[in-house]
Amino acid sequence: MKIAIIGGGPAGLYAAILLRKQRPLAEIIVYERNRADDTFGFGVVFSDATLDNFEKYDPPSYRRITQEFAYWDDIAVHFRGTVHRVGGNGFCGCSRRKLLLILQERARELGVSLRFETEIDDESRFADADLIVLADGINSRFRGKHIAHFESEVDVRSNVFAWMGSTRPLDAFTFIFQETEWGPFIAHAYQYEAGRSTWIFETDPATFKRAGLEGLNEKQSADRMAEIFGWFLDGYPLLTNRSMWRNFPMIRSKRWVKDNMVLLGDAKATAHFSIGSGTKLAMEDAIALAEAMEHAPTVGAALEQYEQGRREEVEKTQHAADVSLVWFEHVDRFWEFDPVQFAFGVMTRSKAITYDNLTLRAPDFVAEVDKAFARQVRANGFDVDVEKPFAPMFQPMRLRQMELANRAVVSPMCMYSAQEGMPTDFHLVHYGSRSVGGAGLIFTEMTCVGRDARITPGCTGLWNDEQEAAWRRIVDFVHANSAAKICLQLGHAGRKGATKLMWDGMDRPLEEGGWDIVSASSIPYFPDSKMPREMDRAAMDAVKRAFVQAAERGERCGFDMLELHCAHGYLLASFISPLTNRRSDEYGGSLDNRLRFPLDVFEAMRAAWPAHKPMSVRISATDWVEGGIIGDDAVAIARAFAEAGVDLVDVSTGQTVRDAQPVYGRMFQTPFSDQVRNEARVATMCVGNITTSDQVNTILAAGRADLVALGRPHLVDPSFTLKAAAWYGADGVFCPPQYLPGKEQIFRNSVRDRQDFEDLKIKAKPKTRAELKAEASKPLAAE
């Protein structure tokens, strides 16, 4: 077998090593354009888990690599004169040059031919090769040459960065957030060998320009950074090696394979340096390719297996990197945070590390986070314990005169179980059982303001006296048997009305028994959906009256809070999104115009709703489609509603048009809540694939939302909040007297269960290489 590998970086060299081990008789040649010891950058980072992989697949190179590594366990966050250290991270650093030399030496031992200073422009010279590995890096000429096939996308990010080095020793992975007269600068720094550390400096483009960095050469840039971070460098110099300022390109490729050619490492996909995974991804790509080559019957089958099996892990890492880089791009959002909350945000920015995870690894740090959160709550007028506070999830909150006992919310979820808009006994049990489960706030499903405002025949409504009486019965039960507050969500389906029940075909038009529907513009949801009528001023006035009348009924029912639904492509959302609003009058065109009618409705409802009771608005913070609403628009929308008197923005996303392409994942909508909260400076509630109390605490403690709504978890466990309270020891959660024996038991059991769980997690966690190295360096006890 003949294998040609283009690119002599970590991906290409490690692939050569592993493939040669499998096929000792194969002809494997690595072609590299640079000299053998010529590399840019300084150090690379691996986690203990990555090193475990290296040990498994090639012990000789693993042993040589680990002999050269600098180990550390802590992450240190320097911010506004404070430093917070978080342990238990298990990272190792190594010189990039040393890593390449180790891999080169190991490849030669196995009989791999290495050809340096060799330019390869055309794969046709390898016509007799069975496999061509394209590992030619972030600027891959072969990816560019065949970009129509690979369908690669390059997203050049806004922040600028420069990769430098120093002789300054470091005992932790160090983040330094430095305020300057020009704006914020960030340093990502770590030691990779004795007397050598990597320093990546980063800033936003406006700060970069104000600081006069444009056009500076390497030495001038290093001198400027030495001025800014001199207090920490303490006289140690900054070193340069092709250390020019540039923007990071996020690269994704829809295909990784063409014929017998395969992309590896940065040639196919990149991950932002803030999570330190570029070299890890590259070498693990090589492992995945070697695994596929060993087990598949043909090269073609192996490449298909490699791509299918590897893609999910790469995309997960890229997603974490995306979330992390966005955090750094918008660090100014958090600049006024309490330093310990800021440090918690740094640690949890990519969602890989959470509140519970940090509690196990750095309990003192999380205790300080809890205290900082409790101090904020006390500053808002609550007499809470700030020395031994409850977890953030169980801290109270006030919206106008409505006080919530905790931050857990039962999300609005359509049940499609009403009869002509009438809530039934199902709804009484549904809302009643969840209210006694401990949540601080319960939302009704979208309750429609008229018969023709319904999404489906099963939607609830509030347009007549019978419905009002049925809702009053539910509200009375909640108030009599729980400490929960209950919010009425009002909406109008618009062009998504007259459709089937969810389980019969979500958003599909009714085959019979439908009704006329309206929208901002005459655009059907599906091509075969009923055509909506574009609303004129008379229709808009009628709808506004219906919302006001429903709000007045809601007040008579005793609801504690009112929410206006302006999301998910329903009527008011259809005015806001440019994808569904094609009007040429004063209600179309600019965002201000598109907001005119939704704000008109909200202001009329706010005037009818009691001043001491809060109101919220649900928005779609992105349409997930090019040309639609994006996060920056969501900030403007939130500010407009805040000026109109909104107290809380319920941040959801999408469902505006059928061809949306949302990027799903854990807590996937939380970044939009984060943006709205910390740019528009308005309280937010986040929702979207949030499933655990750990995630709730992570979101709240990091300042990404003020309330957290959970849907599916509450469907299967009405007592979700009560169980979480037992787990965290928050014994103040209300419980009806009928259920007190159960509460007392679960609180007793949870003390033992949590201790057992934590002990098990600690025992199961392997020692980091930093710990093993420390143990190995201890002198043996005298016999």
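Being a predicted model, the structure only gives us computed values, none of them experimental.

A few words on unusual backbone geometry. Unlike most non-glycine residues, Asp 234 shows phi in positive territory, near 55°. Summarising the element assignment, Asp 234 is placed in the loop between α9 (230-233) and β14 (238-239). The residue Asp 507 is not glycine, and still its phi comes out positive at about 65°. If you trace the backbone, Asp 507 turns up in the loop between α17 (502-505) and β24 (518-519).

On to the environment of Val 548, then. Of note, Val 548 is situated in helix α18 (residues 537-557). You can call Val 548 buried: its relative accessible area is 16%. In the structure, Val 548 is positioned 57 residues away from Met 605 in sequence and 5.1 Å away in space, judged by C-alpha atoms. Residues contacting Val 548, with those up to four places away along its chain left out, are Ala 604, Met 605 and Ala 608.

Another point: the sheet that holds strand β16 (residues 257-258). Read from one edge to the other, the open sheet built from six strands follows the order β8-β2-β1-β9-β17-β16, with strand pairing classed as mixed. The open sheet has two edge strands, β8 (113-115) and β16, and neither has a second partner. As paired strands, strand β2 (residues 27-31) and β8 are joined by three bridges and run parallel to one another. Its bridge partner lying in β8, Ile 29 is registered against Ser 113. The strands that helix α1 (residues 10-22) touches are β1 (2-6), β2, β8 and β9 (131-134); relative to β2, the one it contacts most, it runs at about 175°.

Residues three or four positions apart in an α-helix share a direction because the helix packs 3.6 residues into each turn. Here α1 is 13 residues long and its end C-alpha atoms lie 18 Å apart, about the 18 Å a rise of 1.5 Å per residue gives. Of all 13 residues that make up α1, eleven are buried, and the element is covered over most of its length. Residues of α1 that are buried: Pro 10, Ala 11, Gly 12, Leu 13, Tyr 14, Ala 15, Ala 16, Ile 17, Leu 18, Leu 19 and Arg 20.

Now for the sheet that holds strand β3 (residues 43-47). Here three strands make up an open sheet; going across it, the order is β3-β7-β4 and the pairing antiparallel. Taken across any chain shown, the strands that pair with only one partner, and hence form the sheet edges, are β3 and β4 (70-72). If you compare each strand with its neighbour and ignore which way they point, the axes differ by 25° on average. Of the strands in this sheet, β3 and β7 (91-95) touch helix α2 (residues 48-57), which is tilted by about 90° from β3. Where helix α4 (residues 96-109) meets the sheet, it contacts β3 and β7, and its direction lies at approximately 80° from that of β7.

A separate point is the pattern of salt bridges. Scanning all chains against the criterion turns up 51 salt bridges. Asp 338 is paired through a salt bridge with Arg 375; the nearest N and O atoms lie 3.6 Å apart. With Asp 338 in the loop between α11 (299-329) and α12 (339-348) and Arg 375 in helix α14 (residues 363-379), the pair connects residues that are 37 residues apart, well separated along the chain. Overlapping salt bridges, with partners in common, bring together Lys 21, Asp 58, Arg 64, Glu 105, Arg 106 and Glu 109 in one network.

Criteria and cut-off values
Residues numbered from 1 in each chain as written. Predicted model: local features only at pLDDT ≥ 70, side-chain atom pairs only at ≥ 80, totals over all residues. Heavy atoms only, no water. Helix = DSSP H or I, 4+ residues; strand = E, 2+ residues; numbered from the N terminus. Buried < 20%, exposed > 50% of the residue type's maximum accessible area, 1.4 Å probe, protein only. Contact = heavy atoms within 4.5 Å. Pairing = 2+ DSSP bridges. Axes fitted to C-alpha atoms, helices over the stretch in contact; angles between N-to-C directions. Expected span 1.5 Å × (residues − 1). Salt bridge = Lys/Arg side-chain N within 4 Å of Asp/Glu carboxyl O.

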